[in-house]
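Chain by chain, the residues run as shown.
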Amino acid sequence: MVQKKGGANRVSEDAEEDLARVPLQAILLADSFAQKFRPITLERPKVLLPLVNVPMIDYTLAWLESAGVEEVFVFCCAHSKQVIDYLDKSKWIGQPNFSVTTIESHNSVSAGDALRLIYEQNVIHGDFILISGDTVSNMLLTQALQEHKERRKKDSNAVMTMVIKKSKPSPSTHQSRLGTDELFMAIDPDTKQLLYYEDKADHLKGTITLDKMLLTDNSSISLHSDKQDCYIDICCPEVLSLFTDNFDYQHLRRHFVKGLLVDDIMGYKIFTHEIHSSYAARIDNFRSYDTISKDIIQRWTYPLVPDVQFFGNCATKPERQELGQSCSAQIGPFTIVGNGTTIGKDTKISNSVVGEGCTIGSNVSIEGSYIWHNVTIEDGCKLRHAIVCDGVLMKSGAVLEPGVVLSFKVVIGQQFVVPAYSKVSLLQQPTKQDSDEELEYADNSGGIVEIPSITSRSDKLNGELTSKLSETECWAASEVGTGGVGYIWSLSEGGHEEEWRHSVAPIPADKLAAVIQAMNDDLEISDGNALPPSGELKPDSISNDSDNDDVEDIRDDSVYFEKEVEATFLRAVHENVNEDHVILEVNSLRLSYNMTAADCAGALFYSLMKLALDTPHSSATELCRIAANVTTTWQKLLKYYLPSLDEEIEVILKFEEMCLESAKEFSPLFAQILHLLYDKDILQEEAILNWASEKEGADESDKVFVKQSEKFIQWLNEASEEED
């Protein structure tokens with residue numbers, strides 16, 4: 001039934017029907033030792049870290065179950081006991097038609113080792129899903145699986161399908177919104193075969209070098225730097241045997257994928273499946289942790305959202321949570337507070353996640369932060385864009401500056417200010433810095449060797465630390481304040497840039513301005529021959545993309561751009577970001593999506609009106625008043641993107657579109673808002689009159705708002721004639 005060819009198992013045609021009937025299986029790599037999540041992952045596996053108060057691995061398992069997977073093999077090495085204990089006690093055990101089996105190893109130091117061990121155990125009997133336990137998705141697998149199986153029938157060398165998604169990197173930082181480096185791919189536009197993969201684009205400064213044989217051997221190639229690798233792979237059983245036959249395959253992307261792409265002897269092929277409306281992302285660093293958390297809260301991951309319990313292939317509403325909140329406390333938008341948490345008077349929490357069993361004192365300010373479980377924050381503390389792990393105690397008046405990470409059970413002294421981007425742990429910083437060259441899902445190999453000593457020390461500290469600390473234990477009070485307990489880890493050379501790029505804190509305005517200026521300087525000396533972000537190359541032509549595809553891409557870009565601008569604006573509102581910083585961020589988005597000033601103006605106006613609409617109101621009059629207040633507050637920002645009449649007309653057209661589609665509540669208020677924009681000097685008289693005159697030859701259905709504004713337009717015409 002199974003034949004050997006070229007050192008890898010080949011499934012014979014007779015066996016294909018048998019394989020089609022086997023349950024859909026998945027390998028979940030739960031190895032959790034992630035360098036970018038240190039020091040947290042020295043004490044707890046990454047997959048068990050809370051993501052909007054739910055362990056990461058639960059999101060991955062929930063998606064696998066909903067996607068029709070019936071058997072999941074969870075491979076764990078570092079902190080394996082914690083992972084196994086959690087799964088044994090979880091609701092995933094005993095689910096009908098969905099089995100979860102753990103495979104434990106203490107000798108594997110890479111994804112390649114893990115897959116070789118799974119191959120030896122002979123548990124995979126057909127096509128399988130390969131995924132890491134820190135991935136969140138709601139995509140349907142049906143189409144991708146069907147494409148994969150159809151390709152296999154035609155070409156047995158098609159061993160893997162990689163899921164990708166559009167995600168343009170910032171042109172200034174060369175990073176995606178997940179904080180990952182710019183990724184270059186070359187894909188056959190017809191077959192979707194992956195031809196080139198380079199995930200170290202930041203070192204290449206926007207240029208790539210392709211083998212000329214790619215153009216010779218392929219009739220057309222699409223080059224992309226606007227794709228995100230979702231780290232969801234559909235694999236044939238041969239993938240496991242390829243790892244067994246090639247012991248130098250350690251890293252899934254750097255070794256296996258690139259190895260197959262340059263191997264012209266065996267002829268194995270990797271294909272891509274691009275998702276559009278679905279969600280898929282992997283938590284690779286603190287910035288992606290922040291981004292994906294916000295996406296979950298804003299329901300982009302539905303049904304994997306906070307108000308739905310997603311166990312057992314069904315969605316149920318959780319019971320009402322118990323929350324002790326002072327009547328003077330203010331809980332802002334995009335905030336989740338866990339069960340059993342108490343909040344003192346005059347405390348303000350916005351754009352944050354607070355876990356279960358926390359005690360938040362009075363006059364505390366928490367912005368854009370992640371407070372895990374059983375944390376105590378005393379009166380007068382201030383936290384901005386920080387991560388606070390389980391059991392932490394912040395004494396009164398302590399301050400966390402942006403980017404701070406407090407690991408488990410740290411104590412911050414009274415009135416102590418933890419500097420920006422600091423990492424504080426009960427464990428001293430290891431003298432050996434681990435490499436991330438070998439591991440894909442567990443970012444370092446050296447860390448696994450260190451686990452026994454570190455784990456034993458962590459276990460010793462847990463539970464009795466604050467009450468039974470040995471008198472001989474040397475905690476430097478100067479590091480975390482008087483009465484504090486913990487060590488501040490030092491940053492390695494170049495660490496400051498690494499931290500602000502990968503932190504939960506927004507990129508500082510001065511850093512963003514510096515990188516944008518550097519980019520502009522590079523453009524001035526450029527010879528103009530740079531590759532576009534994404535384009536198709538042919539030996540004898542520029543491109544043969546259809547007009548329909550171009551229109552679809554533009555439409556997708558506009559939607560993504562508008563969403564990004566709205567998210568940026570809401571952060572500015574809730575975090576008191578000044579207008580100049582907002583302009584820098586919007587300009588960066590404008591460059592990234594290749595948009596015009598009119599696009600920026602339309603997107604910002606939409607954001608302003610959406611904010612007014614989302615603010616509680618009881619009548620149309622109150623909505624109009626709220627819109628006036630929002631417009632007055634942010635008119636300088638909006639005016640910045642209205643350099644000419646064209647941009648002003650775009651604002652009017654955007655408002656028309658909103659009134660007809662997404663914000664119909666504004667429809668009866670169109671004329672009043674239009675008058676308001678004129679009174680605030682946001683729209684000029686000429687722009688309004690030009691808009692009205694352009695509608696003269698339009699259908700009656702397109703003149704609804706012109707007619708509603710007829711008296712105002714007539715008044716403007718008369719005033720214009722008097723001036724003449």
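Residues numbered from 1 in each chain as written. Predicted model: local features only at pLDDT ≥ 70, side-chain atom pairs only at ≥ 80, totals over all residues. Heavy atoms only, no water.

By the naming in an unreviewed UniProt entry, the chain is Translation initiation factor eIF2B subunit epsilon, taken from Davidia involucrata. Of the chain, the UniProt comment under Subcellular location (unreviewed entry) reads exactly: "Cytoplasm, Cytosol". (UniProt positions renumbered as here; feature names shortened; annotations may be inferred.)

Caption draft 1: Structural context of the overall build of the chain. Per the secondary structure count, the chain includes 23 helices and 36 strands. Relative to its 724 residues, the chain shows a buried fraction of 55%. (Helix = DSSP H or I, 4+ residues; strand = E, 2+ residues; numbered from the N terminus. Buried < 20%, exposed > 50% of the residue type's maximum accessible area, 1.4 Å probe, protein only.)

Caption draft 2: Highlighting the pattern of salt bridges. This model, assessed by the stated rule, comprises 23 salt bridges. Note that Asp 134 is salt-bridged to Lys 46, the shortest N-O span being 2.8 Å. One end of the pair, Asp 134, is in the loop between strand 8 (128-132) and strand 9 (135-137); the other, Lys 46, is in the loop between strand 3 (25-29) and strand 4 (50-51), and 88 residues separate them in sequence. Looking at Asp 134, the relative accessible area reads 4%, which means it is buried. The partner of Arg 299 in a salt bridge is Asp 307, and the shortest N-O contact between them spans 2.8 Å. (Salt bridge = Lys/Arg side-chain N within 4 Å of Asp/Glu carboxyl O.)

Caption draft 3: Representation of helix 19 (residues 645-660) within the structure. The end-to-end C-alpha separation of helix 19 is 23 Å, in line with the 22 Å expected for 16 residues at 1.5 Å each. Residues Leu 645, Glu 647, Glu 648, Ile 649, Val 651, Ile 652, Lys 654, Phe 655, Glu 656, Met 658 and Cys 659 constitute the buried set of helix 19. (Expected span 1.5 Å × (residues − 1).)

Caption draft 4: Here's a closer look at the sheet that holds strand 3. With mixed pairing, the seven strands of this open sheet are ordered in space as 7-6-3-8-14-10-15. Edge positions in the sheet fall to strand 7 (99-104) and strand 15 (269-275), since each of these pairs with one other strand and no more. In this sheet, neighbouring strand axes are inclined to one another by 30 degrees on average, regardless of whether the strands run parallel or antiparallel. Lying on the sheet, helix 2 (residues 56-66) is in contact with strand 3, strand 6 (71-76), strand 7, strand 8 and strand 14 (227-235); it crosses strand 8 at an angle near 160 degrees. (Pairing = 2+ DSSP bridges. Axes fitted to C-alpha atoms, helices over the stretch in contact; angles between N-to-C directions. Contact = heavy atoms within 4.5 Å.)

Caption draft 5: Fine view of the sheet that holds strand 30 (residues 399-400). One open sheet accounts for six strands, arranged 18-21-24-27-30-33; its pairing is parallel. Looking along the sheet, the strands with just one partner apiece sit at the ends: strand 18 (330-331) and strand 33 (417-418). Examined bridge by bridge, strand 30 and strand 33 share two bridges and lie parallel to one another. Bridged to Val 399 within strand 33 is Val 417.

Caption draft 6: How the structure looks around the nonpolar core. Core analysis: the largest hydrophobic core is formed by 60 residues, its most contacted members being Leu 64 and Ile 129. Ranked by the residues each element gives to this core, the list is headed by helix 2, at seven residues. Looking at which domains feed residues into this core, each of domain 1 (25-201 + 218-287) and domain 2 (326-425) gives three or more. Leu 604, Ile 626, Met 658 and Cys 659 belong to the second-largest nonpolar core, a separate cluster that totals 57 residues. (Core = buried A, V, L, I, M, F, W, Y, C linked by side-chain atoms within 4.5 Å. Domains from an automatic or database assignment.)

Caption draft 7: Main features of the environment of Gly 340. With respect to the element layout, Gly 340 can be found in the loop between strand 19 (336-337) and strand 20 (341-343). Owing to a relative accessible area of 39%, Gly 340 belongs among the partly exposed residues under this scheme. Residues Gly 340 and Glu 356, 16 residues apart in the sequence, show an inter-C-alpha distance of 5.7 Å.

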